[in-house]
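Report on the structure
Listed here are the chains, written in short residue letters.
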Amino acid sequence: MSLTKTERAIIVSMWGKISTQADTIGTETLERLFLSYPQTKTYFPHFDLHAGSAQLRAHGSKVVAAVGDAVKSIDNIAGALAKLSELHAYILRVDPVNFKLLSHCLLVTVAARFPADFTAEAHAAWDKFMSVVSSVLTEKYR
Amino acid sequence: MTFLTPEENGHVTSLWGKVDVEKVGGEALGRLLVVYPWTQRFFESFGDLSSPSAIMGNPKVKAHGKKVLSAFSEGLHHLDNLKGTFAQLSELHCDKLHVDPQNFTLLGNVLVIVLAEHFGNAFSPPVQAAFQKVVTGVANALAHKYH
């Protein structure tokens, strides 16, 4: 599955707006993840996950920054996320099901903040893009 | 054990009261067909599904979306007996419509995204969490009679 030219254009153009709220979007995405899917908290026993926690904010920023890296190298996502791919495969070993959950929560956050931009076509492009990102991150799992 | 906490119940009831079931139903079903094109396999008689705008504007999609969401809406009045409420629809989806239950999960998540789009900040993380429970419950209830 690879992104069409149109899909890439949609992602890149929306990222311009999204990146202006990158940190809060990251935090909100994680809040949604931990509330809707409490089992995901099992990967963060070492974190303070309360709303407003500095760790939550820092980690949210990290996650969105990585998505941003993928957007900036949208023609070579595997290359851009190679190190993260190894990290997830050998160190973090987050079960693959969780990438769908995080992706969903990111899309919910973006839809809530940019309703006019989040058309059906944009929704499809983002869902596909996050699917590609997730595939890259789980590529080396076995 | 009740399905939703009183707080979650409050979130669901208060938000759902503001939902235009016809509009949101059409949009959710339309987006399902756009975002997950393989789901179009169930709607070959619906006419023009050739592009996102064709799908979103298709009157049969809108009408069917309204039907689906009205049934879902009915379920919200019976959250403590979803399996009973959706028993017949479950049999229908298995025996006559031959719909893979995975599609119920896909549609549920698309509905959550449409609600986020419509309600913005009001669709806060706790409100989303309550709705995720609801859509999962409905999806499970619809799959319950499969054999």
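Procedures and definitions
Residues numbered from 1 in each chain as written. Chains lettered and ligands numbered in written order. Predicted model: local features only at pLDDT ≥ 70, side-chain atom pairs only at ≥ 80, totals over all residues. Heavy atoms only, no water. UniProt positions renumbered as here; feature names shortened; annotations may be inferred. Helix = DSSP H or I, 4+ residues; strand = E, 2+ residues; numbered from the N terminus. Rg over C-alpha atoms; globule rule 2.2 N^0.38 Å. Buried < 20%, exposed > 50% of the residue type's maximum accessible area, 1.4 Å probe, protein only. Contact = heavy atoms within 4.5 Å. Areas by Shrake-Rupley, 256 points an atom, 1.4 Å probe, with all protein chains shown as cover. Lys, Arg positive; Asp, Glu negative; His and termini not counted. Charge placed at Lys NZ, Arg CZ, Asp CG, Glu CD. Phe/Tyr/Trp six-rings, centres within 6.5 Å; stacked < 30°, edge-to-face > 60°. Buried area = accessible area lost by both parts, 1.4 Å probe. Salt bridge = Lys/Arg side-chain N within 4 Å of Asp/Glu carboxyl O. Polar contact = N/O pair within 3.5 Å; in protein donor to acceptor, adjacent residues only side chain to side chain. Nonpolar A, V, L, I, M, F, W, Y, C, P; charged D, E, K, R; others polar. Patch = residues over 30% accessible without salt bridge, like charges linked within 9 Å, V, L, I, M, F, W, Y side chains within 5 Å. Core = buried A, V, L, I, M, F, W, Y, C linked by side-chain atoms within 4.5 Å.

Chain B goes by Globin domain-containing protein in an unreviewed UniProt entry, where it is assigned to Prolemur simus. UniProt lists a comment for chain B under the heading Sequence similarities (unreviewed entry), and it reads "Belongs to the globin family."

Chain A appears in an unreviewed UniProt entry as Hemoglobin subunit zeta from Prolemur simus. Recorded under Sequence similarities (unreviewed entry), the UniProt text for chain A is reproduced unchanged: "Belongs to the globin family." Quoted verbatim from the Function (unreviewed entry) field of the UniProt record, the comment on chain A reads "The zeta chain is an alpha-type chain of mammalian embryonic hemoglobin."

What chain A contains, in helices and strands, is 7 helices and 0 strands. Mapped from its N terminus to its C terminus, chain A presents α and β elements in the order α-α-α-α-α-α-α. In summary, chain A has a C-alpha radius of gyration of 14 Å against a globular reference of 14 Å for 142 residues, a match within 12%. When the 142 residues of chain A are sorted by exposure, 47% land in the buried category. Contacts in chain A between residues at least 24 apart in sequence constitute 78% of all its contacts with a sequence separation of at least 6. In the structure as shown, chain A presents an accessible area of about 7100 Å², 58% of it carried by carbon and sulfur atoms. Side-chain charges in chain A split into 15 positive and 13 negative, and the spacing between the mean points of these groups amounts to 3 Å.

All names here are of chain A. Applying the stated criterion to the full structure yields 11 aromatic pairs over all chains. Note on W15 and W126: the rings are 6.3 Å apart at their centroids and 35° apart in plane angle, and the pair reads as tilted. Placement of W15 in helix α1 (residues 5-18) and of W126 in helix α7 (residues 120-138) is noted, with a sequence separation of 111 residues between them. Judged by relative accessible area, which is 1%, W126 ranks as buried.

Looking now at the interface of chain B and chain A. Across the contact, 20 residues belong to chain B and 19 residues belong to chain A. When the two sides are added together, the surface that chain B and chain A hide from each other amounts to roughly 1700 Å², 63% of it contributed by carbon and sulfur. There are 0 salt bridges connecting chain B and chain A. The tally of links from chain B across to chain A stands at 10 residue pairs in polar contact (both at pLDDT 80 or more). Those elements giving two or more residues to the side of chain B that touches chain A turn out to be α2 (21-35), α3 (52-57), α7 (102-119) and α8 (125-143) of chain B. Among the elements that line the side of chain B that touches chain A, the one with the most residues is α7 of chain B, at 6 residues. Looking at side-chain class alone, the side of chain B that touches chain A contains 13 nonpolar, 5 polar and 2 charged residues.

So, on to unusual backbone geometry. Even without a glycine there, the phi angle at R93 of chain A is positive, about 50°. Look at R93 of chain A and you get exposed, because its relative accessible area is 56%.

Now for the side chain of E8 of chain B. Residue and element names in this part refer to chain B. Turning to its location among the elements, E8 is positioned in helix α1 (residues 6-16). A relative accessible area of 15% means that E8 is categorised as buried. Those residues within four positions of E8 in sequence are excluded, and the remaining contacts are F3, A130 and K133.

To continue, consider a nonpolar patch on the surface. On the surface, L87, Y90, I91 and L92 of chain A cluster together into a nonpolar patch covering about 390 Å² of accessible area. Position of Y90 of chain A relative to the elements: it lies in helix α5 (residues 82-92).

I77, W126 and F129 of chain A together with W16, F72, L115 and F123 of chain B are the most contacted members of the largest nonpolar core, which has 81 residues in total. The leading source of residues in this core is α7 of chain A, at 11 residues. Counting 9 residues, the second largest nonpolar core, distinct from the first, contains F47, L56, L101 and C105 of chain A.

The next thing to look at is the side chain of S134 of chain A. Residues and elements named next belong to chain A. The topology assignment puts S134 in helix α7. Overall, S134 belongs to the buried group, its relative accessible area being 12%. Look past the residues within four positions of S134 in its chain and what remains in contact with it is F99 and S103.

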